[in-house]
Amino acid sequence: MSAANWRGAMNVQTPRPVASGRPPAGGTPAPRPRRFTNPIRPRHILVLAFLLAYPWFAPPFFTFQIGAQALALGLIALSLTFLAGAGGMISLAQMTVAGLTGYMVAIFGTAATDGVTLGWPWWLAVLIGIAVGVAAATFIGWLSVRTEGIYTIMITLAIGVAFYYLALQNYAVFNGFQGVQKVFPPTLAGVYWRAPTPFYYLTLGCALAGYLFVVYLLRTPFGIALQGIRDNPRRMHALGFNVTAHRVAAYSVAGVIAAVGGVLFTWYNGLVTPGSVGTGWLINILVIAVLGGLRHPVGAFLGAIVFVLLQNFAIDVIDRERFNLVIGVVFLVIVLFSRDGLLGWWAALSARMSTHRGESPWTAARKRSYARSSPSASSPS
Amino acid sequence: MRGAELAVRQRNGVVAGRKIEIIKASSDAKPDVAVNATRKLVEQDKVDIMVGPLSGSEGIAVKEYSKTQPNITFINGSSGAQATTLVSPSPNFYRFNTDGGQWMVGLGKAALDKGYKRVMVIAEDYAFPYSQVQGFMTEYCKLGGKVPVKAWVPLGGKDYSSVIARVPKDVDALVVVLGGADAVNFLNQYEQAGGDKPLVGGSITVSQDILNYKGKRRDSLVGTIAGAPIADAYDAPEWKAFVADYKKNFPDGYPSPSLFALVYYLNMKATLDGLEAVKGDLSDGQKKYRDALNKLVLKSPVGDVKLDSNRQAIGTTFITEVVKDAQGNLYNKVLRKIDNVNQTLGMTPAEFKVGSRDEPNCP
């Protein structure tokens, strides 16, 4: 898809209500973007303050292994939340994009494995890595947008597994089973960026940027059009939107996020092996996204926090042979009792809170649900 | 894990009057998972001594991590990659088990004694089999054996037909360095394809895990020679006592301890013996404890183990042959016992190169 094509697709503007008083075309009660209201609430400032202060009271283990890992994983899951929540496309290959980027950073940059790495400067390796990651994401999108629903899942799973075996069996580029070891972030401005606190802030910066970017994107004409395509592709097509181009573009955008997350996750682990792109991780990213909830970008990070905490501490609750059971049961409970992950619980909880303030439960729940589904969406269909 | 537990139970969980508390974490042979688990044990659970991990690339990753935690002593679990202690060793990482290369010393000569002049190597494509093949070939090539074909197969492979098709007619035996399910798969397919060459096994090809395999094809393993740091039928009293103890503690375990059980036992025993020697004194960044470990001569069920200057074990290797006992159980009969095998396989450190796909080579 060429850029001109894409721009052409974008220039077909969102239909504006022509005369006042008439409902917007389509009949779905699409709430307007709250562009002129101030979106910053006290709780946003509280959360940001907590995130910024976190390394100052948390021990290094919590800063690095819980905090930074959750943020890096959350960023990768964010790409899936965006694709699935706003675009209605469930791709299992987001970890593949992240892992490929990690491999590229390792191969073009410096690492311990002789004969595989090229030793180029880190910034060049990172740029190349992200570029390759985005190209791969676009390619995956281009392949899979022709399919719908479960077929999208299947085709992206197939691509993911194919890449896993490529990485496992190719020695010239990917160094097979052993992968590439000692892929570390550079020491820059006198700071070793893999030390817990700097690395935490690095991931926090990237995660915040990714989060705000997605929140912003969902309010742009592109984001609105994408959500329209999610809800009714035929109608959007009839309105003159290029459905395929929008979907492929969504994959590319998600690719950027997944690629950045991939760089961070590779630096976090300090290595990249086929195990990092195996089916286990492909599914884990889906689990994180679903666990958190797809209705808002913040779900990806909530899911990642719960996931990382469980991975680390489930073993303390129950003995060594059974701890995976705890992880599975918690996932099951969350998904079983809430249609929309943790965010669904949050919505239900706040709906109940406002009920206590005297509104009728039905109007309160409905108001809340609309308020929350705007702008990012997912009015449950 | 049973091995490590056994070492603790033998002391009733007490060393020098102090109770030993064991905190366990789980990994799945992936280095990133192993480092995460290790980091949790060290930084969150605040262990003083860390024992583990299991597999080669995990060992290398944990060794690298150990450099960032100079106040904790790391003792290997069962990982057997050469590079762990050979390439940029970590001053606080100890390994009281011999590595994959050492486990195969003596097998080259045994193969020639059996009349195998040319062999084909079939091995998984990563560090541990490289070192196993090196341990075999270093001696085998020196004594005049030839290895015309080496087939490196991916770990976890299911289909070995292309490898089986490549077996040359003129080789006398196959050196098979595959582990667990891979070895069973290969054996099945090789028999179905009508293969009849005798086998020479790697150390994990013929471990208890494989000998207990209940399938029909297990008889094809009889006559297989292999090198390993363990031998079921070793008849020294220390070994017999160890096996009896193992069976008593784990009645539902294997009929004889597996290689992993033994190796975890060795490392855990060394950990506790070291603690005993310093009366549990871990002060001064564990300096005294580490000195004690360096000087420790570990009295093990398979003979004495001591450390070299890289804190790597110098120990015993057994050459074994698979035979069937009266009840139909397969077991490894001891052909030969070789003491004091060092990590550089008898070469000087300067001569020695870490094994790889092309090193050593004698087509």
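Residue indices begin from 1 for each chain and proceed along its sequence in written order. A letter from A marks each chain and a number from 1 marks each ligand, given out in the order of writing. Reporting of local features is limited, given that this is a predicted model, to residues whose pLDDT is at least 70; pairs of side-chain atoms are given and counted only at 80 or more, and all residues count toward the totals for whole chains, interfaces and linings.

Draft legend 1. Region of the structure containing the overall build of chain B. The numbering of helices and of strands both runs from the N terminus, where a helix is a DSSP run of H or I of at least 4 residues and a strand a run of E of at least 2. Along its length, chain B carries 12 helices and 14 strands. Our radius of gyration is a C-alpha quantity, and the globule rule it is checked against amounts to 2.2 Å times the number of residues to the power 0.38. The globule rule puts the C-alpha radius of gyration for 363 residues at 21 Å, and the 20 Å found for chain B is close to it. The C-alpha extent of chain B, read off along each of the three principal axes, is 65 × 45 × 35 Å.

Draft legend 2. Seen up close, the overall build of chain A. Helix and strand counts for chain A stand at 15 helices and two strands. Three exposure classes are used. Buried residues have 20 or more other C-beta atoms within 10 Å of their own C-beta, exposed residues have 12 or fewer, and partly exposed residues fall in between, all C-beta atoms being placed from the backbone. For chain A, the proportion of its 381 residues judged to be buried stands at 46%. Sequence separation of at least 24 residues holds for 75% of the intrachain contacts in chain A that already meet a minimum separation of 6. Note on contacts: each residue gets a C-beta atom placed from the backbone, and two residues are in contact if those atoms are within 7 Å.

Draft legend 3. Broad picture of the interface of chain B and chain A. Taken residue by residue, the interface counts 20 residues in chain B and 19 residues in chain A. When residues of the side of chain B that touches chain A are traced back to their parent elements, those giving at least two are helix H2 (31-44) and helix H3 (56-66) of chain B. Here the side of chain B that touches chain A gets seven residues from one element, more than from any other, and that element is H2(B).

Draft legend 4. Examining the domain arrangement of chain B more closely. Residue and element names in this part refer to chain B. Each domain's extent was defined by an automatic or database domain assignment. Partitioning chain B into domains gives domain 1 (2-95 + 257-301) and domain 2 (102-233 + 317-341). For domain 1 and domain 2, the distance between their C-alpha centroids amounts to 30 Å. At the interface, nine residues of domain 1 touch 11 residues of domain 2. Elements represented by at least two residues in the side of domain 1 that touches domain 2 include exactly H3 and helix H11 (259-277). Residues are sorted three ways: Asp, Glu, Lys and Arg are charged, Ala, Val, Leu, Ile, Met, Phe, Trp, Tyr, Cys and Pro are nonpolar, and all the rest, Gly among them, are polar. In terms of residue class, the side of domain 1 that touches domain 2 is made up of four nonpolar, five polar and no charged.

Draft legend 5. Main features of the sheet that holds strand S5 (residues 93-94) of chain B. All names here are of chain B. Reading across the sheet, the three strands line up as S3-S4-S5 and stay open at both edges, with parallel pairing between neighbours. Two strands bound the open sheet, and with one partner strand each, they are strand S3 (49-51) and S5. We treat two strands as partners when DSSP finds at least two bridges between them. Where S3 meets strand S4 (residues 73-75), three bridges bridge the pair, whose relative direction is parallel. Residue pairing in the sheet places isoleucine 49 in a bridge with threonine 73 of S4.

Draft legend 6. Spotlight on the pairing of strand S10 (residues 225-228) of chain B. Residues and elements named next belong to chain B. Alternating positions in S10 separate into two faces, Ile225 and Gly227 on one and Ala226 and Ala228 on the other, with burial throughout. Here strand S9 (residues 199-201) runs beside S10; their pairing, made up of two bridges, is parallel. When the bridges of S10 are listed, valine 200 appears paired with isoleucine 225. Where S10 lies against strand S13 (residues 313-324), four bridges are found, and the strand directions are antiparallel. For alanine 228, the partnering residue across the bridge sits in S13 and is phenylalanine 318.

Draft legend 7. Representation of the nonpolar core within the structure. Formed by 200 residues in total, the largest nonpolar core has its most connected members in Leu73(A), Ala77(A), Ile285(A), Ala289(A), Ala304(A) and Val200(B). Not counting chain neighbours up to four residues away, the residues in contact with Leu73(A) comprise Phe265(A), Ile288(A), Ala304(A), Phe307(A) and Val308(A). Remark: nonpolar core denotes a set of buried Ala, Val, Leu, Ile, Met, Phe, Trp, Tyr and Cys residues whose joining runs through C-beta atoms within 7 Å.

Draft legend 8. Representation of unusual backbone geometry. Residues and elements named next belong to chain B. The step from glycine 52 to proline 53 runs through a cis peptide bond, and the omega angle for that step is 5 degrees. When you line up the elements, proline 53 lands in the loop between S3 and H3. Residues glutamate 359 and proline 360 are joined by a peptide bond in cis, for which omega reads -5 degrees. Structurally, proline 360 can be placed in the segment after strand S14 (330-341).

Draft legend 9. Region of the structure containing the packing of H11(B) against helix H12 (residues 283-295) of chain B. Residue and element names in this part refer to chain B. In contact at an axis separation of 9 Å, H11 and H12 are set at 120 degrees when each is read in the N-to-C sense. Put simply, H11 runs oblique to H12. Like other packed secondary-structure pairs, H11 and H12 cross with a definite hand, here right-handed. Counting all contacts with H11, which are made through Ala270, Gly274, Leu275 and Ala277, the residues of H12 involved are Tyr289, Ala292 and Leu293. A class-by-class count of the residues in the contact of H11 with H12 yields six nonpolar, one polar and no charged. The axes used here are C-alpha line fits, helices contributing only the stretch in contact, and every angle between their N-to-C directions lies in the interval 0 to 180 degrees. Should an angle lie under 35 degrees it is considered roughly parallel, over 145 roughly antiparallel, and from 65 to 115 roughly perpendicular; all remaining angles are considered oblique. Note on convention: the crossing is left-handed when the near helix lies turned anticlockwise from the far helix by less than a right angle, right-handed when the turn is clockwise.

Draft legend 10. Spotlight on the packing of helix H3 (residues 60-87) of chain A against H2(B). Between H3(A) and H2(B), the least distance of the axes is 10 Å, while the angle of their chain directions is 160 degrees. On the basis of the axis angle, H3(A) is roughly antiparallel to H2(B). Handedness of the crossing formed by H3(A) with H2(B): left-handed. Between H3(A) and H2(B), the contacting residues are Pro60(A), Phe61(A) and Gln65(A) on the first element and Asn36(B), Arg39(B), Lys40(B), Glu43(B) and Gln44(B) on the second. Its residues assigned to classes, the contact of H3(A) with H2(B) comprises two nonpolar, three polar and three charged.

Draft legend 11. Fine view of the pairing of strand S6 (residues 118-124) of chain B. All names here are of chain B. In terms of burial, S6 is a largely internal element, six of the seven residues being buried. Relative to strand S7 (residues 146-153), S6 is paired through six bridges, and the arrangement is parallel. Residue pairing across strands places glutamate 124 opposite valine 153, the latter belonging to S7. Here, the term right-handed applies to a crossover whose path from the first strand over the helix to the second runs clockwise when the strands point away from the viewer. Handedness of the crossover joining S6 and S7 through helix H6 (residues 127-142): right-handed. Of the strand pairs in this sheet, S6 and strand S8 (residues 173-177) are connected by five bridges, and their pairing is parallel. Its bridge partner lying in S8, alanine 123 is registered against valine 177.

Draft legend 12. Seen up close, the confidence of the model for chain A. All names here are of chain A. What pLDDT conveys is the predictor's confidence in a given residue, as a value from 0 to 100. The share of residues in chain A with pLDDT of 70 or more is 81%, and the mean pLDDT across the chain is 82. Low confidence marks residues 1-36, where pLDDT is under 50. Its contacts with residues over four positions away, or in another chain, come to 32 contacts. When the criterion is pLDDT under 50, residues 358-381 qualifies, and its contacts beyond four places in sequence or with other chains add up to 38 contacts.

Draft legend 13. Structural detail: the environment of Val200(B). Residue and element names in this part refer to chain B. Here valine 200 shows up in strand S9. Put simply, valine 200 and serine 258 are 58 residues apart on the chain and 19 Å apart in space, counted from C-alpha to C-alpha. With residues up to four places along the chain from it excluded, the contact list for valine 200 reads Leu107, Ala111, Tyr116, Val119, Ala173, Leu174, Val175, Thr224, Ile225 and Ala226.

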